[in-house]
Amino acid sequence: MVWEKEKIVGTCLLGGAAFAVGASFLHLFLNGDLPLGLGLGTCVLSPFRKRKPVRVYMDGCFDMMHYGHCNALRQARVLGDQLVVGVVSDEEIIANKGPPVTPLHERMIMVKAVKWVDEVISDAPYAITEEFMKKLFDEYQIDYIIHGDDPCVLPDGTDAYAHAKKAGRYKQIKRTEGVSSTDIVGRMLLCVRERSVSDSHNRSSLQRQFSHGHDSPRFKDGVSSAGTRVSHFLPTSRRIVQFSNGKGPGPDARIVYIDGAFDLFHAGHVEILRRARELGDFLLVGIHNDQTVSAKRGAHRPIMNLHERSLSVLACRYVDEVIIGAPWEVSKDTITTFDISLVVHGTVAESDDFQRKRNLKKEASEKKYYEQKAFVSGD
């Protein structure tokens, strides 16, 4: 509930004339200190009045959702009391941009999981039409429509937010530099392209370059020879603070710990974090550093660097705190230091050891089959 404190005013009728009496004057009257010669007829007191919450609307495709999307939603939420987010339908994206990488139901899961989001509208249109704008104002009680400072142009060359701007109900936020869905797809394509190169050192070097935002001779001005832009994400302590909850666990809190790479943060990550959070009062997430992920997953990983992955996890409403650069092994010291009550792990193992052991079991099973193989009739 949102309240707006107002100056206390009593409306007093004296000798047939109306006077507005301020809080200090009314205080004198209530305490019997009103100056002689002044009488008071009727007094009406209105100390507080409930203020209507400011509701803001922001839409987007939110394809391959990343920390840039989350930061946009954070900024939008600052401009109001309640944030309503429209997720554009697959059909609308296909018509205006081409097919999305992530289907609508997964994009809905991702947007709902962002801690600054209050409501979500599915199948939102790509452009703010007059009809849809009226629906936002009347049905959803939207006060302002928000978008980034980057242009959103329709196939016919018109501005997707022209009607909102004309109505005077448009507000703008700053675009988050250093990342985009196109950039992430580019990083993935570079990984696939370089896998065919036999020199593992060069492949590892390439991964480091685009994960950390460094250029090499084959990248000029942050763009590869294939036209793919390389990220130049610059982490700051201020951004971490903006994404952080800023609250620690209570004295008797049951602290649940889960760790992982959380690379290319997706709906599966959201689900396991949700389920982990349900097991306690405070969810602490350990995020492995780039070197650990590369050693365990291969030279081409991670796609997103440590700080990018940390921001994506911090934006999730089920997460209370993160350890940036958590150790691979959950040691007794880690458990003691953070007062961890429960360590949670998913059913899919993160390490190459698991894959190796699984393959050994399969090989043993195959060997046993051929050793005991008997003739079976039939075609």
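Residues numbered from 1 in each chain as written. Predicted model: local features only at pLDDT ≥ 70, side-chain atom pairs only at ≥ 80, totals over all residues. Heavy atoms only, no water.

- Looking at an unreviewed UniProt entry, the protein carries the name ethanolamine-phosphate cytidylyltransferase, with the source organism given as Brassica campestris.
- Its UniProt record gives the protein a comment under Sequence similarities (unreviewed entry), which states: "Belongs to the cytidylyltransferase family." (UniProt positions renumbered as here; feature names shortened; annotations may be inferred.)

### Re the layout of surface pockets
And then number 1: Here the largest pocket defines a volume of roughly 940 Å³.
And then number 2: Every residue lining the largest pocket is counted, 34 residues in all, and those nearest its centre are Cys61, His69, Lys97, Asp150 and Ser181.
And then number 3: Of all the secondary structure elements, the ones that give two or more residues to the lining of the largest pocket are β6 (55–60), α2 (67–78), β9 (144–148) and α7 (181–194).
And then number 4: For the lining of the largest pocket, the class distribution of residues is 17 nonpolar, 11 polar and 6 charged. (1 Å grid on protein atoms, 1.4 Å probe; cavity = no way out; pocket = protein on both sides within 12 Å on 5 of 7 lines; lining within 4 Å. Points joined across faces, edges and corners; volume = space filled by probe spheres on them. Helix = DSSP H or I, 4+ residues; strand = E, 2+ residues; numbered from the N terminus. Nonpolar A, V, L, I, M, F, W, Y, C, P; charged D, E, K, R; others polar.)

### Overview of the nonpolar core
And then number 1: In terms of nonpolar packing, the biggest core is built from 49 residues, with Leu73, Leu273 and Val285 touching the most fellow members.
And then number 2: Per-element accounting of this core gives the leading share, 5 residues, to α2.
And then number 3: Viewed by domain, this core spans two of them, domain 1 (55–173) and domain 2 (237–354), each represented by three or more residues.
And then number 4: In this view, Leu273 contacts Ile258, Phe262, Phe265, Leu283, Val285, Cys316, Tyr318 and Val319; residues no more than four positions away in its chain are not counted.
And then number 5: The next biggest cluster of nonpolar side chains, apart from the first, holds 23 residues, and it includes Tyr57, Ile93, Ile128 and Cys152. (Core = buried A, V, L, I, M, F, W, Y, C linked by side-chain atoms within 4.5 Å. Buried < 20%, exposed > 50% of the residue type's maximum accessible area, 1.4 Å probe, protein only. Domains from an automatic or database assignment. Contact = heavy atoms within 4.5 Å.)

### Notes on the pattern of salt bridges
And then number 1: For the structure on display, the rule yields 13 salt bridges.
And then number 2: The salt bridge involving Glu271 is made with Arg274; its shortest N-O contact spans 2.6 Å. Separated by 3 residues within a single helix, Glu271 and Arg274 lie in helix α10 (residues 267–277), roughly one turn from each other.
And then number 3: Residue class for Arg274 comes out partly exposed when judged on its relative accessible area of 27%.
And then number 4: For Glu278, the salt bridge identified is with Arg274, shortest N-O distance 2.6 Å.
And then number 5: The exposure class of Glu278 is exposed, given its relative accessible area of 56%.
And then number 6: Several salt bridges converge on common partners, so that one network encompasses Glu271, Arg274 and Glu278. (Salt bridge = Lys/Arg side-chain N within 4 Å of Asp/Glu carboxyl O.)

### Here's the deal with the environment of Cys191
And then number 1: Locating Cys191 in the fold gives a position in helix α7.
And then number 2: When its relative accessible area of 7% is taken as the criterion, Cys191 is described as buried.
And then number 3: Between the C-alpha atoms of Cys191 and Arg301, which are 110 residues apart in sequence, the distance is 8.5 Å.

### Some thoughts on the confidence of the model for the protein
And then number 1: Per-residue confidence for the protein averages 78 on the pLDDT scale, and 69% of its residues sit at or above 70.
And then number 2: Confidence over residues 1–30 falls short of pLDDT 50; this stretch has 59 contacts with residues more than four positions distant or in other chains.
And then number 3: Under a pLDDT of 50 for its full length, residues 34–46 has, in the predicted model, 24 contacts with residues more than four places off or in other chains. (pLDDT = per-residue confidence, 0-100.)

### Considerations on the packing of aromatic side chains
And then number 1: Evaluation of the coordinates by the stated rule reveals 4 aromatic pairs.
And then number 2: Where Trp116 meets Phe243, the ring centres are 5.2 Å apart and the plane angle is 80°; that geometry is what we call edge-to-face. Placement of the pair is Trp116 in the loop between α4 (104–112) and β8 (119–124) and Phe243 in helix α9 (residues 237–243), with a sequence separation of 127 residues. With respect to class, Trp116 is no different from Phe243; both count as buried.
And then number 3: Aromatic pair Phe262 and Phe265: ring centres 6.5 Å apart, planes at 50°, arrangement tilted. Of the two residues, Phe262 and Phe265, neither departs from the other in class, the shared state being buried.
And then number 4: Looking at Lys165, its charged tip hangs above the ring of Tyr170, at a distance of 5.0 Å from the centre.
And then number 5: One residue, Arg169, lies across the ring of Phe137, its end atom 3.8 Å from the ring centre. (Phe/Tyr/Trp six-rings, centres within 6.5 Å; stacked < 30°, edge-to-face > 60°. Lys NZ or Arg CZ within 6 Å of the ring centre and 35° of its normal.)

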